[in-house]
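A structural walkthrough
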Amino acid sequence: MQTLVLKPDGQALEKAAALLRAGELVGIPTETVYGLAADGLNQQAALKIFEAKQRPADNPLIEHIAHMDQLKELIRGELPEQARALAQAFWPGPLTMILPKSQRVPQAVCAGLDTVAIRMPSHPVAHALIEKCGLPLAAPSANRSGRPSPTRASHVLEDMKGRIPLILDGGPCEVGLESTVVELSGDKVRVLRPGGVTPEMIEAVLGGVWVDESVLKPLQPGQVVRSPGMKYRHYAPKGSLTIVKGAPERVAGRIAQLYDEAVSQGASAAILCMKQNEARYGHRRVHPLGQRPGLDSVASDLFDALRLMDEQKVERIFAEAVDAHGLGLAIMNRMGRAAAFHVLDADRGE
Ligand code: TXA
Ligand code: MG
């Protein structure tokens, strides 16, 4: 199959909508990461997603909507009050809610669960496409399973070339990390996957929030997960990744030492550091994160950097930790998982 990459003008959107209505897959930009979209009401189309991504069949997809009216068809019963408040505050935007599913949601989309994940993206192309098709779009991130999520159309092409007919190129994704996933059950709201909508932002709306303990820790043997996605080692670069936390100068000292050791052993090594710390590493091979000041920019650079490490066949990657608050929690969750939570504390001499 030939994979076309088109700028999302009117004609390309028509083509994408026609493919989706016909049960085909299209790579689409969203504000978080690129999605691999299919008709969200079509079981056969959803199955194609699992095949193209080589995704484990027990890992459910997210339904993307453009209007609150589309919720009725997808959920069972009334929208809980807390969900309504979160939708009002954060939709359209990078928040996914897990809700009781209706009969209309194909079994493949929710991987046999009794719930469905729903989000309303803010990206104008995603929004326009949902409107044009008149369908909810089921879409996971458009990477092959186990690869970092795509934040550029070129990443989607790398992973999906020959597997899907069309990718809409909407440029780099603004957030660069997948949406925040929350579970609403009883009176508790629990963050299963941190993202652009931070726990602090949710707390400001609801007055309370839980963050699942697995967000910054590896799964324990036998631990029951609340979201199938938590089981899989995502975002894994081919090289080994070590994260170092602590006071900035100690972190830089430790990373420089680890890097030098790796190089002296003949390994190809690289350092992922904050842009403002670049000079601390002298002549070493550094890939700065965050072209602009602030964590937003670090988040939007991260997956591109991990892909680059693979492309350059880096064997040992050393990364500076960020503070795990606000958006920093999502960054540390993704980096942590890429590193199998191998984090050294330079302040404690690790
Ligand atoms: O930002 C995003 O969320 C992107 C864009 C394309 O919207 N999509 C995305 O999808 O990241 P995906 O499939 O890569 O991640 C969806 C996550 C998975 O970890 C999955 O296990 C979880 O949501 N999930 C989906 N349905 C669920 C459910 N019913 N219960 C618990 N977790 C669910
Ligand atoms: Mg994914």
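Only a predicted model underlies this, so the values are computations on that prediction, with no experimental measurement involved.

Definitions and limits used
- Residues numbered from 1 in each chain as written.
- Chains lettered and ligands numbered in written order.
- Predicted model: local features only at pLDDT ≥ 70, side-chain atom pairs only at ≥ 80, totals over all residues.
- Heavy atoms only, no water.
- Helix = DSSP H or I, 4+ residues; strand = E, 2+ residues; numbered from the N terminus.
- Expected span 1.5 Å × (residues − 1).
- Buried < 20%, exposed > 50% of the residue type's maximum accessible area, 1.4 Å probe, protein only.
- Arc of directions from axis to C-beta.
- Contact = heavy atoms within 4.5 Å.
- Core = buried A, V, L, I, M, F, W, Y, C linked by side-chain atoms within 4.5 Å.
- Pairing = 2+ DSSP bridges.
- Axes fitted to C-alpha atoms, helices over the stretch in contact; angles between N-to-C directions.
- Polar contact = N/O pair within 3.5 Å; in protein donor to acceptor, adjacent residues only side chain to side chain.

1. As for helix H9 (residues 295-311)
- Taking 1.5 Å as the rise per residue, H9 with 17 residues should run 24 Å; its terminal C-alpha atoms sit 25 Å apart, in good agreement.
- Within H9, twelve of the 17 residues are buried, which leaves it mostly tucked inside the rest of the structure.
- Residues of H9 that are buried include every one of Ser 297, Val 298, Ala 299, Ser 300, Asp 301, Leu 302, Phe 303, Ala 305, Leu 306, Arg 307, Met 309 and Asp 310, and no others.
- Of the residues flanking the end of H9, it is Lys 313, one or two places downstream, whose phi is positive at about 55°.

2. A closer look at helix H6 (residues 153-160)
- For H6, the full list of buried residues reads Ala 153, His 155, Val 156, Asp 159 and Met 160. Within H6, the buried residues cover an arc of 155° as seen down the axis, which keeps them to one side.
- Residues of H6 that are buried make contact with strand S3 (35-39), helix H2 (43-53), strand S8 (166-168) and H9.
- Positive phi appears at Gly 162, one or two residues downstream of H6, with a value of about 85°.

3. Re the nonpolar core
- In this structure, Met 97, Leu 129 and Leu 168 are the most contacted members of the largest nonpolar core, which totals 65 residues.
- The element contributing the most residues to this core is helix H1 (residues 10-21), with six residues.
- Setting aside its immediate chain neighbours within four residues, Leu 168 contacts Leu 6, Pro 8, Ala 12, Leu 13, Ala 16, Val 26, Gly 27, Ile 28, Pro 29, Tyr 34, Val 125 and Leu 129.

4. Observations concerning the sheet that holds strand S15 (residues 316-320)
- A sheet is described by the order of its strands in space; here five strands give the open sequence S14-S13-S15-S12-S16, paired in parallel fashion. A strand with exactly one partner marks an edge of an open sheet, and here the two such strands are strand S14 (286-289) and strand S16 (343-345). On average, each strand axis in the sheet is inclined to that of its neighbour by 25°, with strand direction left out of account.
- Taken together, the four bridges between strand S13 (residues 269-274) and S15 define a ladder with parallel strand orientation. Counted as the bridge partner of Leu 272 is Ala 319 from S15.

5. Some details on the environment of Thr 32
- Position of Thr 32 among the secondary structure elements: in the loop between strand S2 (26-28) and S3.
- Exposure remark for Thr 32: the relative accessible area of 3% places this residue in the buried category.
- Taking the C-alpha atoms as reference, Thr 32 lies 8.7 Å from Gly 195; in sequence the two are 163 residues apart.
- Beyond its immediate stretch of four places on either side in the chain, Thr 32 contacts Pro 94, Arg 119, Cys 173, Val 175, Gly 176, Leu 177, Glu 178 and Ser 179.
- Only 2.8 Å separates the side chain of Thr 32 from the side chain of Thr 30, close enough to count as a polar contact.
- Of the polar contacts made by the side chain of Thr 32, one reaches the side chain of Arg 119; its length is 3.1 Å.

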